[in-house]
Amino acid sequence: MVNPKVSHRTSICYRPIEPSDREILEQIHGDLFPIRYESEFFQNVVDRHDIVSWAAVDRSRPNGRSDELVGFVTARVVLAKESEIGDMLRYDSSKSDQTLVYILTLGVVEGYRNLGIASSLIQKVIKYASSIPTCRAVYLHVISYNDAAIRLYKKMSFQCVRRLQGFYLISGQHYDSYLFVYYVNGGRSPCSPLELVTIMVSYMRSGFKTVAAKLYKNEDRKVPKWPKCKESHSLISTTQHKRSLTTECTGCECV
């Protein structure tokens, strides 16, 4: 574990991850995550090959370690139409360039937690995603038992949109994952809570109108049809003899 306790006043700064960070980056990933990442992943991170990243360093750290990683975040830009949350977005499907930013890994070494480093790293990703005109959201997965991470994302206004059964396989055991989304640049879910309520109210009103119309028709069938006298507007039973009709409708046309 890197630097289990901080005994000095910190001075946290943020910068891109560099090739010189690879060894410590692999070490921290191994310490923090139950999932093992391939060597190719770390090479792509430090080479910035389809992956963007930020490192947190403590400039006040002694013993020549002022540029050593104490936190990091890695992310990748993906096409919205090819992502697993395409159905959770409202966007113009005819525009093939719509994108998302997927957070791959996020971590802070134990001695530097609860200092706002993770929040700052996430903000870096959100700011980056917002700077891409075609980007509509930032999203990520969280293993179901990571309560601290779940609280953090909720605090930062990420929306939990889905629970994925058995998403992770760790040491032969399956674990669920929560899918969190943060919308940017006007991106949003197909139905916001307000829109969902509006749709439900509209549906209920439509249903009431349909029921009322059917009831009206049923009642209308029960009422005998009466010819109407255009001038007097009197109703005349069709069961009466034709002579009676002539007598009662004198001076007017019966229909």
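Residues numbered from 1 in each chain as written. Predicted model: local features only at pLDDT ≥ 70, side-chain atom pairs only at ≥ 80, totals over all residues. Heavy atoms only, no water.

### With respect to the overall build of the chain
Part 1: Within the chain, the secondary structure is distributed over six helices and seven strands.
Part 2: Start at the N end of the chain and walk to the C end: the helices and strands fall as β-α-α-β-β-β-α-β-α-β-β-α-α.
Part 3: Residues classed as buried in the chain amount to 37% of the 255 residues present.
Part 4: Here the analysis covers contacts within the chain between residues at least 6 apart in sequence; of these, 65% occur between residues at least 24 apart.
Part 5: About 15900 Å² of surface is accessible on the chain, with carbon and sulfur atoms providing 52% of the total. (Helix = DSSP H or I, 4+ residues; strand = E, 2+ residues; numbered from the N terminus. Buried < 20%, exposed > 50% of the residue type's maximum accessible area, 1.4 Å probe, protein only. Contact = heavy atoms within 4.5 Å. Areas by Shrake-Rupley, 256 points an atom, 1.4 Å probe, with all protein chains shown as cover.)

### Remarks on the packing of aromatic side chains
Part 1: Throughout the structure, instances matching the rule amount to twelve aromatic pairs.
Part 2: The interplanar angle of 70° and the centroid separation of 5.2 Å between the aromatic rings of Phe41 and Phe42 together place this pair among those described as edge-to-face.
Part 3: Residue classification places Phe42 among the buried residues on the basis of a relative accessible area of 4%.
Part 4: Through successive ring pairs, a cluster of aromatic residues spans Phe33, Tyr37, Phe41, Phe42 and Phe72. (Phe/Tyr/Trp six-rings, centres within 6.5 Å; stacked < 30°, edge-to-face > 60°.)

### As for the nonpolar core
Part 1: Val101, Ile122, Val125, Tyr153, Phe158 and Phe180 are the most contacted members of the largest nonpolar core, which totals 45 residues.
Part 2: The element contributing the most residues to this core is helix 3 (residues 117–130), with seven residues.
Part 3: Those residues in contact with Ile122 that sit more than four places away from it in its chain are Leu106, Leu152, Tyr153, Met156 and Phe158.
Part 4: Grouped together as the second largest cluster of nonpolar side chains are eleven residues, Met88, Tyr102, Tyr139 and Val181 included. (Core = buried A, V, L, I, M, F, W, Y, C linked by side-chain atoms within 4.5 Å.)

### Details of the pairing of strand 5 (residues 135–143)
Part 1: Counting buried residues along strand 5, nine of its nine residues qualify, which places the element largely inside the surrounding structure.
Part 2: With three bridges joining them, strand 4 (residues 99–108) and strand 5 adopt parallel strand pairing. Note that in strand 5 the partner of Val101 across the bridge is Val138.
Part 3: Traced from strand 4 through helix 3 to strand 5, the parallel crossover comes out right-handed. (Pairing = 2+ DSSP bridges. Right-handed = clockwise from strand over helix to strand, strands pointing away.)

### A few points about helix 1 (residues 22–32)
Part 1: Those residues of helix 1 that sit buried are Arg22, Ile24, Leu25, Ile28 and His29. Looking straight down helix 1, one finds that the buried residues subtend no more than 165° of arc, so they occupy a single side. (Arc of directions from axis to C-beta.)

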